[in-house]
Structure formats: C-alpha cells, structure tokens
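In case you want the letters, here they are:
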Amino acid sequence: MDPDDLGLFGPGSVTWKVHEEPILIVAGLRSLYLQALHPRAMAGVAQNSDYRADSWGRLVRTATYVATTIYGTTAEAEAAGARVRRLHARLRATDPATGEEFRVDDPELLRWVHVAEVETFLSTARRAGLRLTDAEVDGYYAEQRRVAALVGLDPADVPGTAAEVAEYYRRIRPDLRITREAAETAVFLTAPPIPWKLNLPARIGLNLGPARFAYLGVAGTAFALLPPWARRMYGGLGLPTTELSADLSVRALRLALAAVPRRWREGPLQQAAKARAARIAAAGVAA
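**A word on the overall build of the protein**
Phase 1 of the analysis: Tallying secondary structure elements over the protein gives 16 helices and two strands in all.
Phase 2 of the analysis: A globule of 287 residues ought to have a C-alpha radius of gyration of about 19 Å, and the protein, at 19 Å, matches this closely.
Phase 3 of the analysis: If one aligns the C-alpha atoms of the protein with their principal axes, the spans along those axes are about 60 × 45 × 35 Å.
Phase 4 of the analysis: Taking all 287 residues of the protein together, 44% fall into the buried category.
Phase 5 of the analysis: Taking the intrachain contacts of the protein between residues at least 6 apart in sequence as the baseline, contacts between residues at least 24 apart amount to 71%.
Phase 6 of the analysis: When the accessible surface of the protein is totalled, it reaches about 14,600 Å², and 60% of it is carbon and sulfur.
Phase 7 of the analysis: In the protein, which carries 36 positive and 31 negative side-chain charges, the distance between the mean positions of the two groups comes to 6 Å.

**A look at the packing of aromatic side chains**
Phase 1 of the analysis: On inspection of all chains with the given rule, the structure shows eight aromatic pairs.
Phase 2 of the analysis: Residues Trp-16 and Tyr-71 carry aromatic rings whose centres are separated by 5.3 Å and whose planes lie at 50° to one another, so their mutual orientation is tilted. Taken together, the residues span a long stretch of sequence, with Trp-16 in helix H1 (residues 14–19) and Tyr-71 in helix H4 (residues 55–71) at a distance of 55 residues.
Phase 3 of the analysis: Given a relative accessible area of 8%, Trp-16 falls into the buried group.
Phase 4 of the analysis: Linked through ring pairs, Trp-112, Tyr-168, Tyr-169 and Trp-229 together constitute an aromatic cluster.

**Side note on the packing of H4 against helix H5 (residues 74–90)**
Phase 1 of the analysis: With their axes 8 Å apart at the nearest point, H4 and H5 run at an angle of 140° to one another. It follows that H4 is oblique to H5 by the angle criterion. For H4 against H5, the interelement crossing comes out left-handed. Residues Tyr-65, Thr-68 and Thr-69 of H4 pack against Glu-76, Ala-77, Ala-80, Gly-81 and Val-84 of H5.

**Focus on the side chain of Asp-105**
Phase 1 of the analysis: Mapped onto the secondary structure, Asp-105 falls in the loop between strand E2 (101–103) and helix H6 (107–127).
Phase 2 of the analysis: Within the local environment of Asp-105, its side chain forms a polar contact with the side chain of Arg-103, the two groups lying 2.8 Å apart.

**Topic: the side chain of Thr-120**
Phase 1 of the analysis: Take Thr-120: it is sitting in helix H6.
Phase 2 of the analysis: Within the local environment of Thr-120, its side chain forms a polar contact with the backbone oxygen of Ala-116, the two atoms lying 2.7 Å apart.
Phase 3 of the analysis: Every residue in contact with Thr-120, bar those within four places of it in the chain, is listed here: Ala-27, Arg-30, Ser-31 and Leu-34.

**A short note on the confidence of the model for the protein**
Phase 1 of the analysis: Summary statistics for the protein give a mean pLDDT of 90 and a share of 91% for residues scoring 70 or more.
Phase 2 of the analysis: Confidence drops under a pLDDT of 50 for residues 198–208, and excluding neighbours within four residues, the segment shows 13 contacts in the predicted structure.

**Things to note about the nonpolar core**
The tendency in soluble globular proteins is for nonpolar side chains to be buried side by side.
Phase 1 of the analysis: Judged by nonpolar contacts, the single largest core of 69 residues is most densely connected at Val-18, Tyr-33, Leu-34, Trp-112, Tyr-140 and Tyr-169.
Phase 2 of the analysis: Of all the elements, H6 adds the most residues to this core, at nine residues.
Phase 3 of the analysis: Among all residues touching Tyr-140, those that are not within four sequence positions of it are Val-14, Thr-15, Val-18, His-19, Val-118, Phe-121 and Leu-122.

**Notes on the pattern of salt bridges**
Phase 1 of the analysis: According to the stated counting rule, one finds 17 salt bridges in the structure shown.
Phase 2 of the analysis: Note that Arg-40 and Asp-95 form a salt bridge whose closest N and O atoms lie 2.7 Å from each other. Remark: Asp-95 occurs in the loop between strand E1 (92–94) and E2 and Arg-40 occurs in helix H3 (residues 39–48); sequence separation between them is 55 residues. Here Arg-40 matches Asp-95 in class, with each residue buried.
Phase 3 of the analysis: Residue Arg-180 pairs with Glu-184 through a salt bridge whose shortest N-O separation is 3.1 Å. Residue Arg-180 and its partner Glu-184 are both found in helix H10 (residues 180–190); the two are separated by four residues, about one turn of the helix.
Phase 4 of the analysis: Connected through salt bridges with shared partners, the residues Glu-20, Arg-262, Glu-266 and Lys-274 form a single ionic network.

The rules behind these values
- Residues numbered from 1 in each chain as written.
- Predicted model: local features only at pLDDT ≥ 70, side-chain atom pairs only at ≥ 80, totals over all residues.
- Heavy atoms only, no water.
- Helix = DSSP H or I, 4+ residues; strand = E, 2+ residues; numbered from the N terminus.
- Rg over C-alpha atoms; globule rule 2.2 N^0.38 Å.
- Buried < 20%, exposed > 50% of the residue type's maximum accessible area, 1.4 Å probe, protein only.
- Contact = heavy atoms within 4.5 Å.
- Areas by Shrake-Rupley, 256 points an atom, 1.4 Å probe, with all protein chains shown as cover.
- Lys, Arg positive; Asp, Glu negative; His and termini not counted.
- Charge placed at Lys NZ, Arg CZ, Asp CG, Glu CD.
- Phe/Tyr/Trp six-rings, centres within 6.5 Å; stacked < 30°, edge-to-face > 60°.
- Axes fitted to C-alpha atoms, helices over the stretch in contact; angles between N-to-C directions.
- Parallel < 35°, antiparallel > 145°, perpendicular 65-115°, else oblique.
- Left-handed = near helix turned anticlockwise from the far one by under 90°.
- Polar contact = N/O pair within 3.5 Å; in protein donor to acceptor, adjacent residues only side chain to side chain.
- pLDDT = per-residue confidence, 0-100.
- Core = buried A, V, L, I, M, F, W, Y, C linked by side-chain atoms within 4.5 Å.
- Salt bridge = Lys/Arg side-chain N within 4 Å of Asp/Glu carboxyl O.

Now the structure itself:
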C-alpha cells in the first residue's frame, strides 16, 4: 500500500468535509426510505437480500463500503467497487408489475441508488447545520461521480451539480411509487429487531428498551427529512411544519453527537486516512 495515497478524495475535498459529520448515520436511513420508492430497485433488494434476517450485518457492510470509498486508499476503494460489480453481475430480479426479469446492475437502477444516496448525505448534513457554499455543493456531487464509477456507471451519465440532481428527480418521479415491498421495508426500517445487548429491558419482560426509543426517534427524523413528495408517496404529509420539525430534530441530534469523543465516532478507515494526511502534511512542512 502506498503510504502517500489519500484515496479518491483527501482532506481538501468537499467529500471529506461532508462525511466528517456523524449525523450521516441519520442520512443512511433516509436514503433507504427514499431508495425503496423505486419499484425495480426495491424488488432487486427484496429478491436477492437477507436484510430482514441480517439487517444489522447488512448495515455494517454498507457503512464499511461507504467508508472505504471515502477514506480508503485508491486500491482499497477500487477493490471494494470490483467486489460490488462482481456481486451485482450475478443477480437478477423480476419486475413486480410486468413480470419481466432484469439485471440488478442495470445502469438506471445503479444511478437511482447513487443519486438518492449522495443527495441524502448532502441534504442531511446541510439541514443539520453544516455550512456549504453553492460551489461546494456542486463540488460534492462532481466528486461523487468517482464513487459512481466504482460500481460501473459512466461518470458523464451521473448528475454532477445540484441543478442536475433536481432535474433527475423531476424526471424520475413518475416512475416512483409505493409498492407492497416498499411499504413492508419502510415498516421494517422504522422498527427493526434491536440487538439484545442494546435492548436488555425487552429481554426481561418489558416491551420497549431505551435503545428502541432512541432508534424510533432517529427513524422518525430520517423519515421527516425526506422530500415532501416522497413523504406523500408513503401516505405522510408534506407540510412545512414537518420540515421545520425535522430541521430542529436533526440539528439537536448533531449537537448531541458532537459531544461524543472523536475516537468513538470515527471509524478505523477514517482514522487511518487522517493519519496518512497528517503524515504527508508534516513531511511537506519538513521539506
């Protein structure tokens, strides 16, 4: 491994600035609620995944993949992308409406998942209080095209500015809807099984432990952060008061997470990337 390799991004990137925010744990949930509204994307997950039996394991694997693309070396990020491409290439699913079989690595589906994810990361961080200029917002979307390329997308076909993302959502909204699988997934995301070590009161006869209450608050905030049109598809209301409540909740949660010691909220990949960056910067000063 090249000790001077900072990966696809680096300390001067907008990507590092955004993903420094621990509030992105909420963004992960918001992204899943949003992605589930694409019938084929949802069918691809439901027909090829054991997410109900291994929800927390899947969450950890997804978080590790994202961290690798953001903070890993170039070789680590490319290897992670290659594993995802090999997995997707083998998978097929059946369209629930037409019965047509399709490939999970269809570029249209990969593009939807990518855009929903990166727009969620960015919008959640901003609504939580992260200050970004319009140029930085466009810079983030442009940088994230590198991540899109890892899963096999042509970066030129991926929205790279805020205006392009907004136009993409406008075009794809007629294809989105709530399906039975999406509704079941939303219920599962809102009340998944809590690992027993985090929910001890439930194991001794109580219905809800502290971890369950905390998770419900996070899930409620994530859902409220969805665009109004997405909440309406789920049967919720797209009211301005919901927007205000979501903003207040996510800002309060950001402040709470900021109080957690950095060594507890930064993963090993992030810590290693920062250590490499600090070493390179020190060597440059010494030179």
